[in-house]
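Structure assessment
The primary structure of each chain is shown beneath.
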Amino acid sequence: MTDSLNKRLNKILPKIVSDGFLSGSGIGNEIAFYIFDYPPEDELKVRDYLRTLLEHIPKQKHGLRVHHLNLFDFVVEYLKSRNLLNKAIQVQREKGDAALKKALGGPLHETKLSHRFTEIAKPEQHDLVIVSGVGTVWPLLRSHTLLNNLQSVMGKTPLVMFYPGRYDGQSLRLFGKLKNSNYYRSES
């Protein structure tokens, strides 16, 4: 892990437990969405850091109610709950990735998932939601469209997304290569 990544990781805890962040003081007085982008090759190191972060949050800010949601696990559980997981696996094996993505386009539409997201993350019962697993769930779920749909359902609960790619303040590039539509409502 590079020194610059270490320095950036060390800044996360103080930022997300700060009163300003937790009060939802984001850009333009919108909800505080924070995207922590990092080089995709550091995915395993960031996962390790995330475990440490989740252990240290209660020590830094006693009583802070935090929910961590891994998007890959979230989508798998969602498909299981709809009895679609085994069918999805079968479609992928028999017809390939493109057919799977097409078959799951309706069930995994971001408007449906944003409502399920709030049922699981329960933002009204938490002070902070942390999201990971962005790279592992791609291409079935696009994080930028999910974020756009979460704006209206998160209430005042801030969200931190760990993102394997680049975020320049206006657009997301998953894995540093794939350009998503503009997402400009988040801090980096």
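Described below are features of the structure shown in this document. (Residues numbered from 1 in each chain as written. Predicted model: local features only at pLDDT ≥ 70, side-chain atom pairs only at ≥ 80, totals over all residues. Heavy atoms only, no water.)

Some remarks on the environment of Tyr-49
Rules: Counting from the N terminus, the helices are DSSP H or I runs at least four residues long and the strands are E runs at least two residues long. Burial here depends on accessible area, computed with a 1.4 Å probe over protein chains only, as a share of the maximum for the residue type. Under 20% is buried, over 50% is exposed, and the range in between is partly exposed. Throughout, a residue-residue contact means that at least one pair of heavy atoms, one from each residue, lies within 4.5 Å.
Here Tyr-49 is to be found in helix α3 (residues 43-60). Overall, the relative accessible area of 15% leaves Tyr-49 in the buried class. Between the alpha carbons of Tyr-49 and Asn-10 there is a distance of 9.6 Å; along the sequence they are 39 residues apart. Filtering out sequence-adjacent residues up to four positions away, Tyr-49 remains in contact with Leu-9, Ile-12 and Leu-13.

Concerning the pairing of strand β4 (residues 159-167)
So the rule is basically this: Pairing between strands is defined by DSSP: at least two bridges between them are needed.
Counting buried positions along β4 yields 8 of 9 residues, so the element is predominantly enclosed. Sheet analysis places strand β1 (residues 33-38) next to β4, joined by 6 bridges and oriented parallel. Paired with Ile-35 across the two strands is Met-161, which belongs to β4. The pairing of strand β3 (residues 128-132) with β4 spans 3 bridges and is parallel.

Topic: helix α4 (residues 71-81)
This is how the line gets drawn: When we speak of the arc, we mean the arc of directions from the helix axis to the C-beta atoms. Side-chain atoms alone can form a polar contact between residues adjacent in sequence; in general such a contact is a pair of N or O atoms within 3.5 Å, and within protein one must be able to donate a hydrogen while the other accepts it.
Within α4, the full set of buried residues consists of Leu-71, Phe-74, Val-75, Tyr-78 and Leu-79. Buried residues of α4, viewed axially, fall in a sector of 130 degrees; they line one side. Where α4 begins, the capping side chain belongs to Asn-70, and its oxygen is found 2.9 Å from the backbone nitrogen of Phe-72. Where α4 ends, the next residue or the one after it, Asn-83, has phi of about 55 degrees, a positive value.

Comments concerning helix α1 (residues 3-16)
Definition in use: The span you would expect from a helix comes to 1.5 Å times its residue count less one.
Here α1 contains 14 residues, and its C-alpha end-to-end distance of 21 Å stays within 8% of the 20 Å for a straight helix at 1.5 Å per residue. Within α1 the residues assigned to the buried category are Leu-5, Leu-9, Ile-12, Leu-13 and Ile-16. Seen along its axis, α1 keeps its buried residues to an arc of 100 degrees; they face one direction. Within α1, the exposed residues directed more than 90 degrees away from the buried face are Asp-3, Lys-7, Asn-10 and Lys-11.

Side note on the pattern of salt bridges
Under the convention used in this document: Should a side-chain nitrogen of Lys or Arg be within 4 Å of a carboxyl oxygen of Asp or Glu, the pair is scored as a salt bridge.
Tallied over the full model, the rule gives 8 salt bridges. Across the salt bridge formed by Arg-8 and Asp-37, the nearest N and O atoms sit 2.8 Å from each other. Residue Arg-8 is located in helix α1, and its partner Asp-37 is located in strand β1; the two are separated by 29 residues in the primary sequence. Using a relative accessible area of 31% as the deciding quantity, one classes Arg-8 as partly exposed. Accessibility expressed as a relative area gives 13% for Asp-37, which makes it buried. We note a salt bridge from Lys-80 to Glu-77, for which the minimum N-O separation is 3.5 Å. Of the two residues, Lys-80 and Glu-77 are both situated in helix α4; the distance of 3 residues between them amounts to about one turn of the helix. Lys-80 sits in the partly exposed class, given a relative accessible area of 45%.

What to know about the environment of Leu-64
Structurally, the position occupied by Leu-64 is in the loop between α3 and β2 (66-70). Along the chain, Leu-64 and Leu-22 lie 42 residues apart, while their C-alpha atoms are 9.6 Å from each other. Non-local contacts of Leu-64, meaning those with residues more than four positions away in its chain, are made with Val-17, Leu-22, Ile-57, Asp-127 and Leu-128.

Re the pairing of β2
Across the two faces of β2 the burial differs, with His-67 and Leu-69 buried and Val-66, His-68 and Asn-70 not buried at all. Here β2 runs beside β3; their pairing, made up of 5 bridges, is parallel. From the neighbouring strand, Asn-70 faces β3, where its bridge partner is Ser-132.

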